[in-house]
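The chain contents come next:
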Amino acid sequence: MADSQIVTRFAPSPTGYLHIGGGRTALFNWLFARGRGGKFLLRIEDTDRERSTPEATAAILQGLTWLGLDWDGEVVSQFDRAPRHAEVAHEMLTRGTAYKCFSTAAEIEAFREAEKARGVSYPVFLSPWRDADPITYPDAPYVIRMKAPRTGETLIDDKVQGTVTIQNATLDDMIVLRSDGTPTYMLAVVVDDHDMGVTHVIRGDDHLNNAARQQMVYDAMGWAVPVWAHIPLIHGPDGKKLSKRHGATGVHDYQAMGYPAAGMRNYLTRLGWAHGDAEIFTTDEAKKIFDLEGIGRSPARLDFKKLENVCGHHIAMMPDAALLQELQGYLAAAGRSALTEGQYDLLAKALYCVKDRAKTFPELIEKARFALTSRPIVPDEAAAKALDSVSRGILKSLTPRLQNVSWTKDALESILNDVAAENGIGFGKLAQPLRAALAGRSATPSVFDMMLVIGQDETIARLKEASA
RNA sequence: GGCCCGUUCGUCUAUCGGUUAGGACAUCUGGUUUUCAACCAGGCAAGAGGGGUUCGACUCCCCUACGGGCUGCCA
């Protein structure tokens, strides 16, 4: 319904890659909108021309795409809307909710220095031009400042933080339009959010204080204030603000580490949000149960162990086709060589016996090593140990018996059990050298599954090679 | 410095005045097993500290400590 449609947005600055915290903010906005038949918009806050780059914008879009967060309509460039921002600033002027200020940056700086020297810890610059008669205006560059209330308090009704009270006296008349005619962030966000019809602003709580000033702009223009929801930031495992020092901070890092996007979404959704005991859920389920009420108020730490666990569940429940496709995306993102056609086919055949044993794509590939590798099989240390002379003898005696047998699990099972019994050893004792011969590893899927996947000829060839 | 926000097991969290404070990850023990993963059973483990309010506080209020954020003609 148009009258109550929810509109959210994600508004990153294109100054670098998509931060994992930004990814989560985007995810919350996306879940909230998508779960309620609303719209999720994307706006690039590129008004700072010095720091904005098209590469960064591309990286952010790529990050969102990988996370599976699709947006409605065209990506809005905040910079492109500068004329509209200036228009609103001038409208505030005519409404009398803003004024021209001719104080120079140097004057303001001097004021702040002087106040600090006097021991005033929080100098609020009060422009002398606030109530000046236009007749006294000099012919000089000016900024447009908002005429903010000097007394009283501003209440932010926040869905996550509750009601936050800000004393108006601590807020100065913020600049909405710079002397070069460009808008400041505080003006631009409000105008854009309003024009884009944003109903719910879900963003990091580093913006909580800004909300008070922005709310004043809404009031000054007579616009409806959106629903605020300021979510806590994500911290590193040590509880400190997540920074480069922690290693992976960009969502692309997580893709390159081989975490599936569905698992990332699940983990990130649960990081700082809860719905009873719900832990593992699909994205569709998340859309249904996600709400603002479940968002926590304290910063959450990244826990890679839990991330892995969650991802393991998702790899296990992902359809093979999707798994194969995303795995190839992982290989490309990680700079690893792509699968050959033959490897692809074998991996597709092997998936059923490896997908529920892996938590990440690199792990999946390692488990599927027996299918992806080709002779000669080079055993690692543990595998080499299993291939002692006695074991090689047993493998040698096994080879001819695999020649004329129907290649089914039942048949293989009975042969291997017979061989184990004939040699007076338990099945486990036979399985170890078999793993070593077949995969060159000591930890692998079931020996039967491996034999079934690579086929009779390849199995015999590998056994011959190992027992030679 | 000022202002704002936060603080439940190691971690993510449930609890919305009365619970043996629950779940998940991690960890430990046992079981199952063809190695690994998984799985099953069980264990360890929490309300930052101090004051109030109340018959009763994890829950409401205040103070302190700690953590975070904001404090630009950056976003």
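All figures in this text were calculated on a predicted structure; none of them were measured in a lab.

*Asks:* Just checking my understanding: could you explain the environment of threonine 184 for this structure?
*Replies:* If you trace the backbone, threonine 184 turns up in the loop between strand 8 (175–177) and helix 5 (185–195). Threonine 184 sits in the buried class, given a relative accessible area of 12%. Those residues within four positions of threonine 184 in sequence are excluded, and the remaining contacts are Ile175, Val176 and Arg178.

*Asks:* Just to check I follow, could you spell out the environment of histidine 85 for this structure?
*Replies:* With respect to the secondary-structure elements, histidine 85 resides in helix 3 (residues 82–95). Looking at histidine 85, the relative accessible area reads 0%, which means it is buried. Linking histidine 85 and alanine 334, residues 249 residues apart in sequence, is a C-alpha distance of 42 Å. Excluding residues within four positions of it along the chain, histidine 85 makes contact with Gln78, Pro183, Leu187, Ala188, Val191 and Asp192.

*Asks:* I'm lost on the confidence of the model for chain A in this one. Help?
*Replies:* Detailed reading of the predicted coordinates is not advisable wherever pLDDT is low. When pLDDT is averaged across chain A, the result is 91; 99% of the residues are at 70 or more. This prediction of the complex comes with two scores: 0.94 for pTM and 0.94 for ipTM.

*Asks:* Explanation requested: helix 17 (residues 409–422) in the structure shown.
*Replies:* Residues spaced three or four apart along an α-helix face the same direction, because each turn holds 3.6 residues. Helix length check: helix 17, at 14 residues, gives a terminal C-alpha distance of 20 Å against a target of 20 Å (1.5 Å per residue), a fit within 8%. Here helix 17 has its buried residues at Ala411, Leu412, Ile415, Leu416, Val419 and Ala420. Looking down the long axis of helix 17, one finds its buried residues gathered within 160° of arc, a one-sided arrangement. In helix 17, the exposed positions that point more than 90 degrees away from the buried face belong to Asp410 and Ala421. Packing partners of the buried residues in helix 17 comprise helix 16 (389–398), helix 18 (427–439) and helix 19 (447–454). Two residues or fewer after helix 17 comes glycine 424, characterised by a positive phi angle close to 65°.

*Asks:* Could you clarify how one ought to interpret the side chain of aspartate 449 in this entry?
*Replies:* Assignment of secondary structure puts aspartate 449 in helix 19. Despite being buried, aspartate 449 has no salt bridge partner; lysine 409 is the closest side chain of opposite charge, sitting 5.4 Å away. At 2.8 Å, the side chain of aspartate 449 forms a polar contact with the side chain of tyrosine 352. Once you skip the residues sitting within four places of it in the chain, aspartate 449 turns out to touch Tyr352 and Cys353.

*Asks:* Looking at this structure, how should I read the pattern of salt bridges?
*Replies:* Think of it this way: side chains of opposite charge can pair up when their charged atoms draw near. Enumeration according to the criterion identifies 25 salt bridges in this entry. A salt bridge links aspartate 46 to arginine 49; the nearest nitrogen and oxygen atoms lie 3.8 Å apart. The exposure class assigned to arginine 49 is partly exposed, which follows from its relative accessible area of 45%. When the shortest N-O distance is used, the salt bridge between glutamate 279 and lysine 306 registers 3.2 Å. Residue glutamate 279 is located in the loop between helix 8 (261–270) and helix 9 (283–289), and its partner lysine 306 is located in helix 10 (residues 304–317); the two are separated by 27 residues in the primary sequence. Lysine 306 sits in the partly exposed class, given a relative accessible area of 33%. Counted as one network, the salt bridges with shared partners bring together Arg9, Arg43, Glu45, Arg81, Arg84, Glu87, Asp192, Asp193 and Asp195.

Here is what the cut-offs are and how they apply
- Residues numbered from 1 in each chain as written.
- Chains lettered and ligands numbered in written order.
- Predicted model: local features only at pLDDT ≥ 70, side-chain atom pairs only at ≥ 80, totals over all residues.
- Heavy atoms only, no water.
- Helix = DSSP H or I, 4+ residues; strand = E, 2+ residues; numbered from the N terminus.
- Buried < 20%, exposed > 50% of the residue type's maximum accessible area, 1.4 Å probe, protein only.
- Contact = heavy atoms within 4.5 Å.
- pLDDT = per-residue confidence, 0-100.
- Expected span 1.5 Å × (residues − 1).
- Arc of directions from axis to C-beta.
- Lys, Arg positive; Asp, Glu negative; His and termini not counted.
- Salt bridge = Lys/Arg side-chain N within 4 Å of Asp/Glu carboxyl O.
- Polar contact = N/O pair within 3.5 Å; in protein donor to acceptor, adjacent residues only side chain to side chain.

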